Amino acid sequence: MGSIQDRIPSTAAASAVRPSHERSRAGQAAPVPSRANANSMADETTPLIRNCWYVAALSADLAPGKLFARRLLDVNVVLYRTENGIAALHDRCAHRSMPLSDGYIQDDKVVCGYHGFRYGTEGICDHVPSQPERCPGGISVRSFPVVEHSPHVWIWMGDPGLADPAQIPGAAWMRDSDEWTGSHGYMHVKSNYVFLHENLLDLSHLSYLHAKTFGTPDYASAPFDIQTGDGEFIVQRTVAPTRLPPVYAEPTGMTGVDAARIVTSTYVSPALSYTELLLRNLELPQEQRRDFHLKTAQIITPESDGTLHYHFTVVRDFALHDQAMSEFILKSIKAAFHEDVYALERITQVRLGEPVFHERSVAADRAGVAMRKHLKKLADHENPPTQPV
Ligand code: FES
Ligand SMILES: [Fe+2]
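Residues numbered from 1 in each chain as written. Chains lettered and ligands numbered in written order. Predicted model: local features only at pLDDT ≥ 70, side-chain atom pairs only at ≥ 80, totals over all residues.

Q: How do you make sense of the overall build of the protein chain when you look at a structure like this?
A: Counting secondary structure elements, the protein chain contains five helices and 18 strands. The buried share among the 389 residues of the protein chain stands at 38%. Here the analysis covers contacts within the protein chain between residues at least 6 apart in sequence; of these, 62% occur between residues at least 24 apart. (Helix = DSSP H or I, 4+ residues; strand = E, 2+ residues; numbered from the N terminus. Buried ≥ 20, exposed ≤ 12 C-beta atoms within 10 Å, placed from the backbone. Contact = placed C-beta atoms within 7 Å.)

Q: Quick question: what am I supposed to make of helix α4 (residues 323-353) here?
A: Residues separated by three or four positions in an α-helix point in the same direction, a consequence of the helix having 3.6 residues per turn. Given a rise of 1.5 Å per residue, 31 residues ought to cover 45 Å, and the 44 Å separating the end C-alpha atoms of α4 matches this to within 8%. All buried positions along α4 are accounted for by S326, I329, I333, F337, D340 and L344. Elements in contact with the buried residues of α4: β12 (181-189), α2 (193-201), α3 (246-252) and β18 (308-316). (Expected span 1.5 Å × (residues − 1).)

Q: Please clarify how the sheet that holds strand β10 (residues 146-149) should be interpreted in this entry.
A: Within a sheet, each strand pairs with its neighbour through backbone hydrogen bonds, oriented either parallel or antiparallel. One open sheet accounts for three strands, arranged β2-β11-β10; its pairing is antiparallel. Either end of the sheet is taken by a strand with one partner, and the two such strands are β2 (53-58) and β10. Looking at each pair of strands side by side, their axes are set apart by 30° on average, direction ignored. Direction of pairing for β2 relative to strand β11 (residues 152-156): antiparallel, over a ladder of five bridges. Among the inter-strand pairings, W53 is bridged to a residue of β11, identified as W156. (Pairing = 2+ DSSP bridges. Axes fitted to C-alpha atoms, helices over the stretch in contact; angles between N-to-C directions.)

Q: Teacher, can you tell me more about the environment of G170 here?
A: Note on placement: G170 falls in the loop between β11 and β12. In the structure, G170 is positioned 21 residues away from H149 in sequence and 7.9 Å away in space, judged by C-alpha atoms.

Q: Which parts of the structure should I look at to understand the environment of W173?
A: By secondary structure assignment, the location of W173 is in the loop between β11 and β12. On the basis of neighbour count, W173 is assigned to the partly exposed category, with 19 C-beta atoms found within 10 Å.

Q: How should I be thinking about the nonpolar core in this particular structure?
A: Side chains that are nonpolar tend, in soluble globular proteins, to be buried together. Grouped together as the largest cluster of nonpolar side chains are 81 residues, with contacts concentrated most on Y54, A56, L79, A88, V146 and I155. Residue contacts for I155: discarding those within four places in its chain leaves Y54, A56, L72, A88, F144 and V146. L244, Y248, M254 and L279 belong to the second-largest nonpolar core, a separate cluster that totals six residues. (Core = buried A, V, L, I, M, F, W, Y, C linked by C-beta atoms within 7 Å.)

Q: What exactly am I supposed to notice about the sheet that holds strand β3 (residues 68-72) here?
A: In spatial order, the strands read β3-β4-β5; together these three strands make up an open sheet with antiparallel pairing. Across the chains shown, the open sheet's two edge strands, defined by having one partner strand only, are β3 and β5 (86-90). In this sheet, neighbouring strand axes are inclined to one another by 30° on average, regardless of whether the strands run parallel or antiparallel. Pairing between strand β4 (residues 75-81) and β5: five bridges, direction antiparallel. Bridge pairing in β5 places V78 opposite L89.

Q: Looking at this structure, how should I read the packing of α2 against helix α5 (residues 366-382)?
A: Helix-helix packing: each pair is described by the crossing angle between the helix axes and the interaxial distance. Contact geometry for α2 and α5: axes closest at 8 Å, N-to-C directions at 150°. As judged from the angle between their axes, α2 and α5 are roughly antiparallel. Pair α2 / α5 crosses with right-handed handedness. For the pair α2 and α5, the contacting residues are V194, H197, E198 and L201 in the first and A367, G368, M371, R372 and L375 in the second. Within the contact of α2 with α5, the residues separate by chemical class into five nonpolar, two polar and two charged. (Parallel < 35°, antiparallel > 145°, perpendicular 65-115°, else oblique. Left-handed = near helix turned anticlockwise from the far one by under 90°. Nonpolar A, V, L, I, M, F, W, Y, C, P; charged D, E, K, R; others polar.)

Q: I'm lost on the pairing of β4 in this one. Help?
A: Within a regular beta strand, the side chains point alternately toward one face of the sheet and then the other, so they alternate between its two faces. Counting buried positions over the seven residues of β4 gives five, a clear majority of the element. The turn linking β3 back onto β4 is made up of two residues, and L73 within it adopts a positive phi angle of 50°. In sequence, β4 turns back onto β5 through a hairpin of four residues.

Q: Can you walk me through the environment of H115 in this structure?
A: Mapped onto the elements of the fold, H115 is located in the loop between β7 (109-111) and β8 (118-119). According to the C-beta neighbour criterion, H115 is partly exposed, with 13 such atoms within 10 Å. H115 sits 17 residues away from M98 along the chain, and the two C-alpha atoms are 9.2 Å apart. When near neighbours in sequence (up to four residues on either side) are disregarded, H115 contacts H95, P129 and S130.

Q: Any chance you could explain α2 here in plain terms?
A: Burial analysis of α2 places nine of its nine residues in the buried class, which makes it a mostly covered element. Looking only at α2, the buried set comprises Y193, V194, F195, L196, H197, E198, N199, L200 and L201.

Q: For this particular structure, what's the right way to read unusual backbone geometry?
A: The phi torsion of most residues other than glycine is negative, and most of the peptide bonds are trans. The amide bond that connects S150 to the next residue, P151, takes the cis arrangement and shows omega of 15°. If you trace the backbone, P151 turns up in the loop between β10 and β11. For the bond running from A240 to P241, omega is -5°, close enough to zero to count as cis. For S97, which is not glycine, the phi dihedral falls at a positive 70°. Looking at where S97 falls in the secondary structure, it is placed in the loop between β5 and β6 (104-106). For D230, which is not a glycine, the phi torsion comes out positive at approximately 50°. Position of D230 relative to the elements: it lies in the loop between β13 (224-229) and β14 (232-242).

What follows is the structure, encoded as structure tokens:
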């Protein structure tokens with residue numbers, strides 16, 4: 001499965017969680033979390049985790065000279081390009097709450113569209129038109145650390161003193177290169193972000209939710225391996241021999257042949273999960289076999305506790321210069337992801353309608369349950385219970 005340490009950055013918050021390495025395989029008995037620990041798992045009632053780098057936007061979203069507004073972690077934010085980088089400010093004028101994104105950019109500063117207060121990239125107001133001689137001191141809006149790692153723009157919404165750009169996940173394959181090519185998609189989802197992470201760690205749903213897109217009947221019962229510990233959650237599922245769905249069979253020339261389909265799902269942080277897919281033609285002689293790889297960065301940014309921004313970057317290591325194939329794969333993946341969005345939004349409706357309910361878990365949920373406990377610990381670490389006085 002490769003080195004987990006190489007792939008998963010440890011955040012300041014993650015280091016607060018003690019490791020507990022575990023493994024399980026399909027068919028083996030596994031402790032089934034249920035009522036006793038339900039409250040120890042993150043859900044839509046758990047505070048959002050702020051000390052983490054999240055993707056605020058795609059680089060392409062930020063056009064020069066334009067203000068880009070987006071709600072992130074229950075805060076309205078305005079982002080814009082400056083001469084030397086990108087600025088991110090609270091999108092709420094300190095004067096009378098006008099969204100700064102309704103204003104305009106002037107010399108790397110934002111001018112409010114209501115009474116003209118002007119803010120620099122640090123959020124400090126340096127000009128009030130009604131008092132042109134001397135700007136009143138102490139007027140400011142919050143600014144946020146922001147770093148562009150094309151094709152993504154990352155933002156830190158937590159304690160500014162903990163914002164370390166070295167902690168930004170830096171998978172080189174997310175960018176077009178001589179080895180990888182791909183494309184990006186975005187969806188707005190009416191669900192808490194925890195449930196999308198959990199969805200990505202239990203792909204047994206492919207046989208059912210994705211039966212008409214990229215699932216196959218044998219997927220749900222295929223053997224899997226789970227690895228958890230210290231903020232690391234990895235599930236590897238091997239489906240072989242199997243027949244590939246068209247989205248993978250057509251681009252690889254494996255229509256109607258016995259193939260191996262090995263998927264590794266890796267939780268990286270509250271903001272990110274990777275899905276890595278290996279495809280192999282089992283009907284070819286050993287010496288003629290080649291592996292095809294597709295990787296998806298599942299980029300998850302809570303908008304609120306009940307909605308999220310879902311960016312995804314899908315790359316492959318074959319047909320690198322085939323734009324039509326990029327479009328075919330992206331279209332197919334999007335169709336499948338719409339099914340996930342449908343399920344997550346249905347789950348959300350039911351959970352909100354009947355908030356008191358004890359869900360049951362099975363062995364395939366072990367990574368998801370461990371991940372949700374980890375998220376709960378991170379949230380508790382940021383929001384310690386108040387002590388009675
Ligand atoms: S609300 Fe922005 S200047 Fe008055
Ligand atoms: Fe799915």
